[in-house]
Amino acid sequence: MRLRSPGMFLLLLGALQATDIQEQEVRALVGSDVELSCIFPEGHTFDLDDLYVYWQISILGHLTTVTYYLSGNSSAGLEDNRYRDRAWLAPESMKHGDFSLHLYNITPQDEQKFSCLVFRKSLQLKKILDVVVTLHVAANYSMPMVSIPSGPPEDEELTFTCTSTNGYPKPNVYWINKTDNSVLTEGLQNSTVFLNARGLYDVVSVLRIRRTPSVNVGCCIENVLLHQNLTGIGQAETPRATEPSNTGSHTGVHRKGHGTVLSALAMLGVVVVVAAAAGSMCRSRCPHGIHARCQAARPEQAFSDYV
């Protein structure tokens, strides 16, 4: 029996004999390549002309072809446009029972349940393999950036804003008191998560908290699928009131003391000058002989004072 189009083949799927369904789960990062495994368990070898192989997804209840291999059918171009040139089967591997799907450049839209169906023409299109692979897609969020409040110090409330971009799937957002690592109540925050042009999520979270002398908080973006937590830190210090400075008074005291010393030195200098002038006048008025005797008598007079 030869089917002339994949569409005719799809009409027969519901009437074919059922087999046990194998289920798997795979995780992949956006932009990476992934292999969705579909392997015949008994390790047989197969004739490609005896095989019908389909990879499909269901979108809104309608089957969509990702890629396929039909024995004796040259039809092409019937894959979903989103998977054209991105999905590939390896014929040489299929000969050995490996019908795995190679999917390139993963996007968030690839988060689907992929069905692998293998039939043998020689067995009246008996289904010999039915595998469902659930693909989970993830993307790393950027490191959270926390804006620090810059309002006047008399404000009683502080507002922190946290942003993180280009992640997948939707994150959990927490604000943490970094003083004791306790989680702040959700009522203090308002978080918005939205899809950007790349099909990834951006998040903006606003925290409003009562002002204290020192506020140290962290914004945590949790990617559950990647078991990843990224934390950005925000810290605000309340400016302290300016206290009167004693530096000026210390300088004044220093200057005052310095001025007193200078004044005393100046007065001492005046005294020395006056004494020198008086001595000069005395020497000029006294006879030379008397002055010599006075000078000679001074040691004796000084000695007699002690005696």
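My aim in this report is to walk through the structure given alongside it, one point at a time.

Thresholds, definitions, all that
In this convention, every chain numbers its residues from 1, walking through the sequence in written order. In keeping with the predicted nature of the model, local features appear solely for residues at pLDDT of at least 70, side-chain atom pairs appear and are counted solely at 80 or more, and the whole-chain, interface and lining totals rest on all residues. Only heavy atoms go into the side-chain values, all of them from the structure, while hydrogens and water stay out. For two strands to be treated as a pair, DSSP must find at least two bridges joining them. A helix here means a DSSP run of H or I that spans at least four residues, while a strand means a run of E at least two residues long, and both kinds are numbered starting from the N terminus. Whenever a helix is involved, its axis is fitted only over the stretch in contact; in every case the axis is a line through C-alpha atoms, and angles between N-to-C directions fall within 0 to 180 degrees. Each Phe, Tyr or Trp ring (for Trp, its six-membered ring) is paired with any other whose centre lies within 6.5 Å, and the angle between the two planes then decides the class: stacked below 30 degrees, edge-to-face above 60, tilted in between. Throughout this description, buried means an accessible area under 20% of the type-specific maximum (1.4 Å probe, protein chains only), exposed means over 50%, and partly exposed covers the range between. Count a disulfide wherever a pair of cysteine sulfur atoms falls within 2.5 Å. Polar contacts here mean pairs of N or O atoms no more than 3.5 Å apart (in protein, one a potential hydrogen donor and the other a potential acceptor; neighbouring residues in sequence count only if both atoms are side-chain atoms).

Some words on the sheet that holds strand β8 (residues 126-138)
Paired through backbone hydrogen bonds, the strands of a sheet run either parallel or antiparallel to each other. Strand order in the open sheet formed by 5 strands is β1-β8-β7-β3-β4, and the pairing between neighbours is mixed. If you trace the sheet from one side to the other, it starts and ends with β1 (22-29) and β4 (62-70), each paired once. Neighbour-to-neighbour, the strand axes of this sheet turn through a mean angle of 25 degrees, independent of strand direction. Relative to β8, strand β7 (residues 113-120) runs antiparallel, the two sharing 8 bridges. Within β8, the position partnered with Arg-120 by the bridge is Lys-126.

Quick word on the packing of aromatic side chains
Tallied over the entire structure, the rule returns 6 aromatic pairs. Centroid distance Tyr-168 to Tyr-201: 5.5 Å. Interplanar angle 20 degrees. Geometry classified as stacked. Of this pair, Tyr-168 sits in the loop between β10 (157-167) and β11 (172-177) while Tyr-201 sits in strand β14 (residues 201-210); the two residues are 33 residues apart in sequence, bridging distant segments of the chain. One exposure class covers both Tyr-168 and Tyr-201, and it is buried. Every member of this aromatic cluster is reached through a ring pair, and the members are Phe-40, Phe-46 and Phe-99.

Structural notes on the sheet that holds strand β5 (residues 87-88)
Taken together, the 3 strands give an open sheet; going across it, the order is β2-β6-β5, and neighbouring strands pair in antiparallel fashion. Edge positions in the sheet fall to β2 (34-36) and β5, since each of these pairs with one other strand and no more.

With respect to the state of the cysteines
Here the structure, examined in full by the defined rule, presents 2 disulfides. With its sulfur 2.1 Å from that of its partner, Cys-162 forms a disulfide with Cys-219. On the sign convention where negative is left-handed, the bridge of Cys-162 and Cys-219, at about -75 degrees about the S-S bond, is left-handed. Taken together, the positions of Cys-162 in strand β10 and Cys-219 in strand β15 (residues 214-223) put the pair 57 residues apart, joining distant regions of the chain. For the pair Cys-162 and Cys-219, a shared accessibility class is recorded, and that class is buried.

Quick word on the side chain of Asp-130
Counting through the fold element by element, Asp-130 comes out in strand β8. A polar contact is formed between the side chain of Asp-130 and the side chain of Lys-127, at a distance of 3.2 Å.

Interpretation note: all reported values are geometric properties and have no functional meaning in isolation.
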